[in-house]
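What follows is the residue order along each chain.
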Amino acid sequence: MVAVQETVDRVRRIDVDQYRYGFETLIESEKAPKGLSEDIVRFISEKKSEPAWMLEWRLEAYRRWLTMTEPTWARVNYPKIDYQDLYYYAAPKPKKTLSSIDEIDPEILKTYEKLGIPLREVAILEGVEPPPGGEPSEQRRIAVDAVFDSVSVATTFQKELKKAGVIFMPISEAIREHPELVRKYLGSVVPTSDNFFATLNSAVFSDGSFVYVPPGVRCPMELSTYFRINERNTGQFERTLIIADKGSYVSYLEGCTAPQRDENQLHAAVVELVALDDAEIKYSTVQNWYPGNSEGKGGIYNFVTKRGECRGANSKISWTQVETGSAITWKYPSCILRGDHSRGEFYSIAISNGYQQVDSGTKMIHLGKNTSSRIISKGIAAGKSQNTYRGLVTAHRKATGARNYTACDSLLIGDKCGAHTVPYVEAKNSSATFEHEATTSKISEDVLFYCVQRGLSQEEAVGLVVNGFVKDVLQQLPMEFAVEAQKLISISLEGSVG
Amino acid sequence: MNLVLSKTDSGRAVSNVFVKANGRLPGAGSVADIRARAFEAYKRAGLPHRRIEEWKYTDLRVLMHHVLPLAPQPDAAALARARAAVAQAAVEKRAVEGAAKLVLVDGVFSPNLSDIAELGQSVNVRTLREVLDDPANEGRGDLLLTTTTDAVISLNAAMVTDGVVITVTDGTELCRPIQIVHVATTSSASSFTRSHLRLGKGVQAAVVESFVAVEGARNHQANDAVIVSVGEAANLDHLHVMVGGADATNISSGFFVLEASAKLKLFSMNCGGAVSRYQAFITLAGEGSELSANGINLVRDKQHGDTTLIVDHVVPHCTSRANFRAAVDDRGHSVFQGRIIVRPDAQKTDGRMMTRALLLSDEAEADNKPELDICADDVTCGHGAASGALDEALLFYLRARGLSEKEAQALLIQAFLGEAIEEIADRTLREFAILQAERWLGARG
Amino acid sequence: MALLEVKDLQVRVEDREILHGLSLTVNPGEVHAIMGPNGSGKSTLSHVIAGKPGYEVTGGQILFRGEDLLEMAPDERAAKGVFLAFQYPVEIPGVATMNFLRTALNAQRKARGESEYSTPDFLKKVREVSKSLNIPQDMLKRGVNVGFSGGEKKRNEILQMALFEPSLCILDEMDSGLDIDALRIAADGVNALRSPERAMVVITHYQRLLNYIVPDFVHVMAKGSVVKTGGKELALELEGSGYAQFEHAA
């Protein structure tokens, strides 16, 4: 009991103040006036030199948004957001037109360096230790798109990707350069009217990444976007659209950080994935927005809509997420399994500490025949946080042969936090086979003592056990990310974990 | 949103129902005030619909449309029909053998059809009407209060006409089950009943609630609530059975509070009715109390059967187990919602919940929503949910051994349901449940 | 200086006193057997030395090389060289044994201000030791003790003992759940670790284990204290006469 009490005390003391990415970059920026109106929407569209159809699309979304109300069903509490008190556009002020990465504001480059994200095209993996049992690291490369506040500041490896036929660029550029692709797919998975936050995003999104992988192409490297909110009182509304054409494959990684601020900041992104026949998209997220301080002050409201559609037969979409940041997370990366024999996967680690609130999970919507899905969710609640898994699995009348397996496990560290599991399992035809299991427990005192007797500190012991608990999900991440995520998990539980 | 919806036709219609019924409702003064407040609460919310999370899968605005007028006070002819139906049920083994019956006809207690005398000295039975009408009884209004804000329960408090108030003295071991029988004799009408059951310390009892409709009584709506306190170290076997009336609507709510070391074995059985919802709210309020909640939900045609179970662990060292099975045929729709709540102080809670649905037709639908809501760390809790068709390999094995397809299916379904039924401790109740399940299987086309 | 000195130790669990004034002195190089019937407090003694939570020391002292052990956290004790081989080693799902071994070893070395093992050195060492204990490599890739047989779990404990090189090894009922072959392998592993610098405390109910690990001293515990101390022949004597005489005496 004593040992556990100690852990609990330590966790209680944890300062989410130990957030390591809380610094601010001092650069000049250009902002639109505060508040939201048709004029602001026009302003954003104009800044991006968008075609008329795009402006119309945004305005329609904006008008729709005015008629909508904020959802209240999630198990999260926050003071009412004043949508007129936010900046909807902020961009680092360019000193001149950039022709190469060397001309990017060195402050921004430094920021990404501090975050460990190289924007220069160098091999980044030297010295990274493979996880136990993992393959020795070959020199793999990752193409990075860096989004700073609302705009993309750099995209690396463009040339090499182009050679393979892969389009990877800021969505603002894609709207200008590949309007036929953007028009065809934008909003086709998450319609502009989908939900309050997605509709808001549709009206005001300023940038994000666009990926198109042509038929039969296996994307030669991991694609990655790093999001950074820097400005004060700024909402970040990025939009990501990934299309994997027939028989193609792409693995995409996303990371997020923000400076420490006392006020809450809104992040309402939309991610849409489309997988055509025999295509596969693997989407991994390590979300580490600023979670607020130890008193629950500040932090990001992470209200994100992520959805993928397995539009073609035999297609596959796999979501993996490691959620450690944000004051509030409201996020359900989902799969619409429309193509016959398509497959959806959701692997999640959600860690909450301090006063964080997480309401996250997935939706697996089985529409095609013989579709299958798998959900593995690991929730860890510490401090005074609330951690909810919410997931829907549904098979429609015609989705014969649908299969799902779901396992949700929650771990509680301390007696001031809560873990909640809210699954919705809906079978609408007799050939659907669904299995769901969930458990909630705490770390066994015997296991902790065993580790401590072997010389590990309480914190190391908790870290070890937690990493064991989440292993099934970590394994789903690309190796570089798995190492980073493992460290992040330890930091998130810092105070109790080494 | 609710304000707008309560202005619909069904909202107005129910207002009329309440006004018209008012003269017939027992309890004046403070009781009438409580009713009026309850009705206001109902009117604000209206019938629960799919956007109310607790009613997500059972949208009463779609399934019930509106609340029907209160059934008239049963006359001699109605009572005679009810008597015949009760006798017939005994013959057809639709009643629990040897039980002491307390019969409510169209929401009114009928002493002549009941076996009060057989219950003995240690069991006190009064009617709810009697208690509510007794001005000397200051706490009588409490009988209409519960802790929930559920609109159907508010409506029950507002409209209730009668029920039974049973008190069993400490240490009593009842030698026969008590069966509360609700009989509907009229068509296109509703009844609202509420009963209280208070078991003293160390009491051993078995209680059944059942609902039947007489031949020819169509389209009846019943809204019943039962409020049970299980005293320290008492032991209750409680069975809720919905059997009658293919076009009936049944909304039943059970509230159970368990004192220290009390044991409740709850079983809910639904094998009839167009729309039925059984919602049980169980509070483990005393340390060392134990709950075993089980049930079967058998639906066919276009029936809709919903079992909702809220298990609330308030104190440390309590155990709960739940095991529910549904068999869904034709275009039937089964719903199971279960939630284990562990309050911050309820350390060392051990809670498990399992729900399984068997889909017997292509158009059958089963929705499961098992939740965990845990706010204490030193607990072991888990749930599981599964749905699917009969195992083809097992079916084939049985066919290869000479069983017809129907026999093979029946055998497997029986085994599937049996795992829940065998949890009923009381032999009489268990055999009764088996018989009803067999009957349902026998009627499979 | 004595390696371990337990002086007049009194221990409570909840409201019950389990040890009432137990004393024991162990010098480097010695092997002590502690025998006694179930419930005599043998395992309590091992847990208190290792610092398991849940025990309240109400009197007495435990000195380790003259330092007050009771003031140290369990991991500090481990780093100082106290090793408890558990009667029931726990399972830690998802944590590969190899990873666990390295994490623990480096934690101890770090606490002692020593450099961490390099990966090749570590792997070499583990390979050597596991081979001598008949531990297959694939076992090291599995979660700690997950799905291990009783014998495998005990061998894993001895593997750790060999790797961590503690100065005091406490073996709590090492023979429980082992058949004769598994016992022999485990005992050979332990014997290989005997050295003039290292002491062992072997806790057992049965004399059988002491045929394989021959002690220098045998202590008989009954009802929370040591009631008799002697040489290895005391164990044989007990085999014949049983514990009843001591239980009455205590």
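Being a predicted model, the structure only gives us computed values, none of them experimental.

Student: How do you make sense of the overall build of chain A when you look at a structure like this?
Tutor: Helices and strands together make up the secondary structure of chain A, namely 12 helices and 23 strands. Looking at chain A residue by residue over its 498 residues, the buried ones come to 66%. Residue pairs in contact within chain A that sit at least 24 positions apart in sequence constitute 84% of those at least 6 positions apart.

Student: Even after reading the chapter, I still don't get the pairing of strand 8 (residues 239-244) of chain A, so can you show me in this structure?
Tutor: On a regular strand, one side chain projects to one face of the sheet and the next to the other, so that they alternate. All names here are of chain A. Of all 6 residues making up strand 8, 6 are buried, and the element is well covered by its neighbours. The pairing of strand 6 (residues 209-213) with strand 8 spans 4 bridges and is parallel. Looking across to strand 8, one finds that Phe-210 is bridged to Leu-241.

Student: Could you clarify how one ought to interpret the packing of aromatic side chains in this entry?
Tutor: Aromatic ring pairs are reported here in terms of the distance separating the ring centres and the angle at which the planes meet. Taken as a whole, this structure holds 26 aromatic pairs over all chains when the rule is applied. Three or more aromatic residues link up through ring pairs in this structure, and these residues are Tyr62(A), Trp65(A), Trp73(A), Tyr78(A), Tyr83(A), Phe196(A), Phe197(A), Tyr301(A), Phe303(A), Trp330(A) and Tyr332(A). Here the guanidinium or amino end of Arg325(B) rests over the ring plane of Phe416(B), the centre of that ring lying 5.0 Å away.

Student: I keep staring at the interface of chain A and chain C and nothing clicks. Help me out?
Tutor: Think of interface size as the accessible area that goes away when the parts come together; that is how it is often given. Counting from both sides, the interface comprises 22 residues of chain A and, opposite them, 32 residues of chain C. Here chain A packs against chain C, burying approximately 2,200 Å² in sum over the two surfaces, 69% of which is carbon and sulfur. The largest contributions to the chain A side of the interface with chain C come from Phe449(A), Tyr450(A) and Arg454(A), which together make up 35% of the buried area. Seen at the junction of chain A and chain C, the total is 2 salt bridges. Viewed at the interface, chain C and chain A are joined by 9 residue pairs in polar contact (both at pLDDT 80 or more).

Student: What is the right way to read the pattern of salt bridges from this model?
Tutor: Opposite charge on two side chains allows them to pair when their charged atoms are near. All names here are of chain C. Counted under the stated rule, the structure contains 50 salt bridges over all chains. Its salt-bridge partner being Lys-7, residue Glu-5 comes within 4.0 Å of it at the nearest N-O pair. Accessibility expressed as a relative area gives 35% for Lys-7, which makes it partly exposed. Across the pair Asp-181 and Arg-184 runs a salt bridge, and its minimum N-O distance is 3.8 Å. Here Asp-181 pairs with Arg-184, and both are found in helix 7 (residues 180-192), just 3 residues apart, close to one helical turn. For Arg-184, a relative accessible area of 39% corresponds to the partly exposed category.

Student: What's the story with the sheet that holds strand 5 (residues 67-68) of chain C in this structure? I'm lost.
Tutor: Strand pairing in a sheet is mediated by backbone hydrogen bonds. Such pairs are either parallel or antiparallel. Residues and elements named next belong to chain C. Here we have 4 strands laid out as an open sheet, ordered 2-1-4-5, and antiparallel in their pairing. Two strands in the sheet have a free side with no partner beyond their single neighbour: strand 2 (16-26) and strand 5. Sheet topology places strand 1 (residues 4-13) next to strand 4 (residues 56-64); 7 bridges connect them, and they run antiparallel. Paired with Lys-7 across the two strands is Gln-61, which belongs to strand 4.

Student: It is not clear to me how the pairing of strand 11 (residues 270-275) of chain A should be interpreted in this structure. Could you clarify?
Tutor: All names here are of chain A. Strand 11 sits mainly inside the fold: 6 of its 6 residues count as buried. Side chains Val-270, Glu-272 and Val-274 project from strand 11 onto one buried face, and the interleaved Val-271, Leu-273 and Ala-275 project onto a second face that is buried too. Sheet topology places strand 8 next to strand 11; 6 bridges connect them, and they run parallel. Bridge pairing in strand 11 links Leu-241 to Glu-272. Pairing of strand 11 with strand 13 (residues 299-310), which is carried by 6 bridges, proceeds in the parallel orientation. Across the sheet, the residue bridging to Val-271 is Lys-306, located in strand 13.

Student: Can you walk me through the sheet that holds strand 12 (residues 225-230) of chain C in this structure?
Tutor: Residue and element names in this part refer to chain C. The strand order across the open sheet formed by 6 strands is 6-9-10-3-11-12, and the pairing between neighbours is mixed. Bordering the open sheet on either side are strand 6 (82-85) and strand 12, each of which pairs with just one other strand. Ignoring which end each strand starts from, the neighbouring axes of this sheet average 20° apart. The pairing of strand 11 (residues 217-222) with strand 12 spans 5 bridges and is classified as antiparallel. Across the sheet, residue Val-218 finds its bridge partner in strand 12, namely Gly-230. Against the sheet, helix 1 (residues 42-50) touches strand 3 (31-35), strand 6, strand 9 (168-172), strand 10 (199-204) and strand 11, its axis set at about 145° to strand 9.

Student: Is there a simple way to think about the interface of chain B and chain A in this case?
Tutor: Listed as interface residues are 34 residues of chain B and, on the opposing side, 30 residues of chain A. For the chain B and chain A pair, buried surface summed over both sides reaches about 2,600 Å², with 44% attributable to carbon and sulfur atoms. Inspection of the chain B/chain A interface yields 3 salt bridges. In this structure, the connection of chain B to chain A is made through 16 residue pairs in polar contact (both at pLDDT 80 or more). For the side of chain B that touches chain A, the secondary-structure elements that each account for two or more residues are strand 18 (365-374) and strand 19 (380-388) of chain B.

Student: Help me understand unusual backbone geometry in this model?
Tutor: Glycine aside, the phi torsion of most residues is negative, and most peptide linkages are trans. In this structure, Asn314(A) is a non-glycine residue whose phi angle is positive, near 60°. Relative to the elements of secondary structure, Asn314(A) occurs in the loop between strand 13 and strand 14 (316-323). According to the relative accessible area criterion, Asn314(A) is partly exposed, its value standing at 43%. Its identity is not glycine, yet Asp301(B) carries a phi of approximately 50°, on the positive side. Within the secondary structure layout, Asp301(B) lies in the loop between strand 13 (290-299) and strand 14 (304-313). A residue is classified by how much of its surface remains accessible, and Asp301(B), at 46% relative accessible area, is partly exposed.

Student: How do you make sense of the environment of Arg311(A) when you look at a structure like this?
Tutor: Residues and elements named next belong to chain A. Along the chain, Arg-311 falls in the loop between strand 13 and strand 14. Between the C-alpha atom of Arg-311 and that of Asp-278, which follows or precedes it by 33 residues, the distance is 9.7 Å. For Arg-311, the contacting residues outside a window of four places in its chain are Tyr-185, Ser-188, Val-189, Val-274, Ala-275, Leu-276, Arg-338 and Gly-339. A polar atom in the side chain of Arg-311 sits 2.9 Å from the side chain of Ser-188.

Calculation criteria
Residues numbered from 1 in each chain as written. Chains lettered and ligands numbered in written order. Predicted model: local features only at pLDDT ≥ 70, side-chain atom pairs only at ≥ 80, totals over all residues. Heavy atoms only, no water. Helix = DSSP H or I, 4+ residues; strand = E, 2+ residues; numbered from the N terminus. Buried < 20%, exposed > 50% of the residue type's maximum accessible area, 1.4 Å probe, protein only. Contact = heavy atoms within 4.5 Å. Pairing = 2+ DSSP bridges. Phe/Tyr/Trp six-rings, centres within 6.5 Å; stacked < 30°, edge-to-face > 60°. Lys NZ or Arg CZ within 6 Å of the ring centre and 35° of its normal. Buried area = accessible area lost by both parts, 1.4 Å probe. Salt bridge = Lys/Arg side-chain N within 4 Å of Asp/Glu carboxyl O. Polar contact = N/O pair within 3.5 Å; in protein donor to acceptor, adjacent residues only side chain to side chain. Axes fitted to C-alpha atoms, helices over the stretch in contact; angles between N-to-C directions.

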